[in-house]
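Below, each chain spelled out in residue letters.
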Protein chains: 2
Amino acid sequence: MFETIQAMAEPTRFAILQMVRRREMPAGEIALKFKAITRPAVSQHLRVLKDAGLVSERRQGTRRLYRLRPEGFGPLKNLLEDFWDSKLERLKAAAEKQEKRRS
Amino acid sequence: MFETIQAMAEPTRFAILQMVRRREMPAGEIALKFKAITRPAVSQHLRVLKDAGLVSERRQGTRRLYRLRPEGFGPLKNLLEDFWDSKLERLKAAAEKQEKRRS
DNA sequence: CACTTACGTTAGCTTAAACTAACATATTGG
DNA sequence: CCAATATGTTAGTTTAAGCTAACGTAAGTG
C-alpha cells in the first residue's frame, strides 16, 4: 500500500492517473500531453504505475492502451477512511465529555 | 492535495503518522522509536507533516506535542473515492450492456 | 543567572529517483 | 522480407530530497 503512495507522489505520474481515469489511452497520446517530458520518461512512469497496480495495460496491435485500475487504490482508500474515523472518534469523545459536564 | 501525497510518501513520515494517530506524542518520544534515524531528521519530517496540515503541534512547556490531523486527509480521501467510483461506473455500464443483450 | 532539557534550524554532503540519448522489440502494410 | 509505426529498455548523468553535524532557541530548575 505504501507502494501506491510512492507511485502517486510524482507530478507526471499523478497527471497520468487523471488522464486515464475515464478513457483508455495509448502511451503515445499520453506522452503528447506533456510539453517538457519525453516519451521514454513517460514510458518509465507508466511502468511504475503498472507495477503498483494503479493502471492496467492492454495491447492492441502496436499500441498499448492504459486505463485507471480503481482496485489498486482500495487499501490506501481504507487507510484514509481510518484516519478520517479518528476525527469522528474525537468528536464523539468530546460530545460525551460535554454530556458528563451537563449532568 | 498533492502536497498530502508527497508528505506521506516517505517511510519515516508514514510511520510517524501511524504513531500519532491515536495519542498525542512529544517529538522526543517519536524520535526514540526509530533506531536508525536521528532526532534532527525526525524534527525535519515533523515540519513537513505540519506544513502539509497532516499533524497539529501544541506546545506544552519545553515539549511539543504532535497529533494526527484527520481533516488534512480530506481532499485526498475524496480523490480516492472518486477513483473508486470509476470502478462502480464500469460495473454499472457492464450490467446495462448485459441487460441489453438479454432483451 | 547559569545549567539542563527539549526541540528546531541550517549549510553542506550523500543518495535515490527522474531524465536523456541511444538502442531494442514488436506489429502492421506493401 | 523491408520499412514504418508505436513503444519499451538501459547505461549513464543530473537533480531533488533526506541526512548529519554543529549551532540556535526557549522554557523550566537550582
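Draft legend 1. Focus on the packing of helix H2 (residues 11–19) of chain A against helix H4 (residues 39–51) of chain A. Residues and elements named next belong to chain A. Orientation of H2 relative to H4, taken along the N-to-C sense of each, is 70 degrees, at an axis distance of 10 Å. Relative to H4, the element H2 is oriented roughly perpendicular. Of H4, the residues touching H2 (which contributes Thr12, Arg13, Ile16 and Leu17) are Val42, His45, Leu46, Val48 and Leu49. Looking at side-chain class alone, the contact of H2 with H4 contains 6 nonpolar, 2 polar and 1 charged residues.

Draft legend 2. Inspection of the protein's contact with DNA strand C at higher detail. Taken together, 20 residues surround DNA strand C, and among them His45 of chain A together with Gly28, Ser43, Thr62 and Tyr66 of chain B come closest. In the interface set of DNA strand C, defined as its atoms within 4 Å of the protein, sugar plus phosphate atoms amount to 63%. Gln44 of chain B is positioned with one of its side-chain polar atoms (N or O) 3.0 Å from a base oxygen of DNA strand C. Looking at the surface near DNA strand C, the elements that each hand over two or more residues are H4 of chain A together with helix H3 (27–32), helix H4 (39–51) and strand S3 (63–68) of chain B. If one sorts the elements of the surface near DNA strand C by residue count, H4 of chain B sits on top with 5 residues. Taken together, the residues that form the surface near DNA strand C break down as 5 nonpolar, 9 polar and 6 charged.

Draft legend 3. Molecular detail of the sheet that holds strand S2 (residues 55–60) of chain A. Taken in spatial order, the 3 strands make up an open sheet running S1-S3-S2 (chain A), and their pairing is antiparallel. If you trace the sheet from one side to the other, it starts and ends with strand S1 (25–26) and S2 of chain A, each paired once.

Draft legend 4. Expanded view of H4 of chain B. Residue and element names in this part refer to chain B. Counted at 1.5 Å a residue, the expected span for H4 with its 13 residues is 18 Å, and the 18 Å between its end C-alpha atoms agrees. Within H4, the full set of buried residues consists of Val42, His45, Leu46 and Leu49. All buried residues of H4 fall inside an arc of 105 degrees around its axis, so they share one side. With respect to the buried face of H4, the exposed residues turned more than 90 degrees away are Gln44 and Arg47. Looking at the buried positions of H4, the neighbouring elements they touch are helix H1 (2–8), helix H2 (11–19), H3, strand S2 (55–60) and S3. Of the residues flanking the end of H4, it is Gly53, one or two places downstream, whose phi is positive at about 75 degrees.

Draft legend 5. Up close: the pairing of strand S3 (residues 63–68) of chain A. Here 2 bridges tie S1 of chain A to S3 of chain A, and the two strands are oriented antiparallel to one another. Each residue of the ladder has a partner; that of Met25 of chain A, found in S3 of chain A, is Tyr66 of chain A.

Draft legend 6. Inspection of the relation of the copies chain A and chain B at higher detail. Least-squares fitting of chain A to chain B yields an RMSD of 0.1 Å, with the superposition described by an axial translation of 0.0 Å and a rotation of 180 degrees. Taken together, the turn and the small shift mark the pair as related by a two-fold rotation axis. The fraction of interface residues of chain A whose copies in chain B are also interface residues reaches 100%, indicating that both copies meet through the same surface.

Draft legend 7. View of the side chain of Arg13 of chain A. Residue and element names in this part refer to chain A. Tracing the chain through its elements places Arg13 in helix H2. Of the side chains with opposite charge, Glu10 comes closest to the buried, unpaired Arg13, at an N-O distance of 4.6 Å. Non-local contacts of Arg13, meaning those with residues more than four positions away in its chain, are made with Gln6, Ala7, His45, Val48 and Leu49.

Reading guide: rules and limits
Residues numbered from 1 in each chain as written. Chains lettered and ligands numbered in written order. Predicted model: local features only at pLDDT ≥ 70, side-chain atom pairs only at ≥ 80, totals over all residues. Heavy atoms only, no water. Axes fitted to C-alpha atoms, helices over the stretch in contact; angles between N-to-C directions. Helix = DSSP H or I, 4+ residues; strand = E, 2+ residues; numbered from the N terminus. Parallel < 35°, antiparallel > 145°, perpendicular 65-115°, else oblique. Contact = heavy atoms within 4.5 Å. Nonpolar A, V, L, I, M, F, W, Y, C, P; charged D, E, K, R; others polar. Near = heavy atom within 4 Å. Polar contact = N/O pair within 3.5 Å; in protein donor to acceptor, adjacent residues only side chain to side chain. Pairing = 2+ DSSP bridges. Expected span 1.5 Å × (residues − 1). Buried < 20%, exposed > 50% of the residue type's maximum accessible area, 1.4 Å probe, protein only. Arc of directions from axis to C-beta. Least-squares fit on C-alpha atoms with pLDDT ≥ 70 in both. Lys, Arg positive; Asp, Glu negative; His and termini not counted. Salt bridge = Lys/Arg side-chain N within 4 Å of Asp/Glu carboxyl O.

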